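# A closer look at the structure
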Amino acid sequence: MPLPPDLHVHTEWSWDAPHGSMERSCERAIEVGLPAIAFTEHADWALVHKGQHSVDLAGYFDSIERCRAKFKGLSILSGVELGEPHWYPAETAELLASGPLDQVLGSIHCIRINGEMVDASQFPERAAADFPGAVREYFRETLAMVESGQTFETLAHIDYPKRYWLDGAKPYREADYEGEIRAVLKAAAATGRVLEVNTTRGRVLSPDITVVRWWRELGGQAVQYGSDAHQPDKVAEGFKVATQMVESAGFKPARDPMALWRR
Ligand SMILES: [Zn+2]
Ligand SMILES: [Zn+2]
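What you are looking at is a predicted structure, and each value in this text was computed from that prediction instead of being measured. (Residues numbered from 1 in each chain as written. Chains lettered and ligands numbered in written order. Predicted model: local features only at pLDDT ≥ 70, side-chain atom pairs only at ≥ 80, totals over all residues. Heavy atoms only, no water.)

Applying the stated criterion across every chain, the model contains ten aromatic pairs. Measuring from ring centre to ring centre gives 6.1 Å for Tyr-172 and Tyr-177, while their planes differ by 25°; the resulting arrangement is stacked. Owing to a relative accessible area of 15%, Tyr-172 belongs among the buried residues under this scheme. A relative accessible area of 5% places Tyr-177 in the buried class. Members of the aromatic cluster, joined through ring pairs, are Phe-131, Tyr-138, Phe-139, Tyr-160, Tyr-164, Trp-165, Tyr-172 and Tyr-177. Positioned above the aromatic ring of Trp-87 is the side chain of Arg-112, whose terminal nitrogen or guanidinium carbon lies 4.0 Å from the ring centre. (Phe/Tyr/Trp six-rings, centres within 6.5 Å; stacked < 30°, edge-to-face > 60°. Buried < 20%, exposed > 50% of the residue type's maximum accessible area, 1.4 Å probe, protein only. Lys NZ or Arg CZ within 6 Å of the ring centre and 35° of its normal.)

Note on metal sites: the ideal angle is 109.5 degrees for four tetrahedral donors, and 90 or 180 degrees for six octahedral donors. The zinc ion (ligand 2) binds to the protein through His-8 (NE2), His-10 (NE2), Glu-81 (OE) and Asp-228 (OD), with metal-donor distances spanning 2.0 to 2.2 Å. Considering all four donor atoms around the zinc ion (ligand 2), the spread of angles at the metal, 82 to 173°, places the coordination shape in the irregular class. Binding-site remark: the zinc ion (ligand 2) is held by donors from one chain whose sequence spacing is H-x1-H-x70-E-x146-D. Taken as a pair, the zinc ion (ligand 2) and the zinc ion (ligand 1) show a spacing of 3.4 Å, with Glu-81 coordinating each metal. Here Glu-81 lies in strand E3 (residues 75-83) and His-8 lies in strand E1 (residues 6-9), a separation of 73 residues in the sequence. (Donors = N, O, S within 2.8 Å, 3.2 Å for Na, K, Ca; no water. Tetrahedral: all angles 85-135°; square planar, octahedral: opposite > 155°, others 65-115°. Helix = DSSP H or I, 4+ residues; strand = E, 2+ residues; numbered from the N terminus.)

Here it is as structure tokens:
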């Protein structure tokens, strides 16, 4: 079975991808047989405002065009990963108006703890006193984003905090957050969103089969895949195990290799 498109890849145009390369990611995509790749660079407005990050759309689009000219057999999609777009509606609207973006991901990375923005990677340090509480708040923030009316087609890495689990805490089990996760899935299905299965770190699927089954049960129509690669050799990593998981959760491979997997 051919691999599906990798619709979540970062390159040198993302602030946290010093080893990223759009060109070498295209080469890698062709090498592993992907039909398409989307370059979804970070738009993290909280960091832009702090001067820790910028969005250079002109440079990014130049790079996209160079790669499209060079790699004709590969479908190269433009895109963006919006971080907490509902906190920054004006900036988000301006960005989306400035160029045609094929793939728009909505992501929560941060929650507010005592008024401060804290990324889930810092939860073990900053939220150790009530780790499950921070995780619950993460899902509530995700629900707020989905319900905010912000323009994005795809909900990325729905259970992102599990990447950064606190040592010694009760291991992550979807069932412990079932109410919160189901609320997010229900809202995403009702607004016609696509659920991303994120394969960062090879075999850690975000989400895993329990959540994909809930997604189907709650009316979710489609699933897509994203490696969240921040360097070329991670493109499409973990896709074999991810596609098997999604199929056994009741979604079918599309006949058109470019299409989403549907129920
Ligand atoms: Zn992300
Ligand atoms: Zn990402």
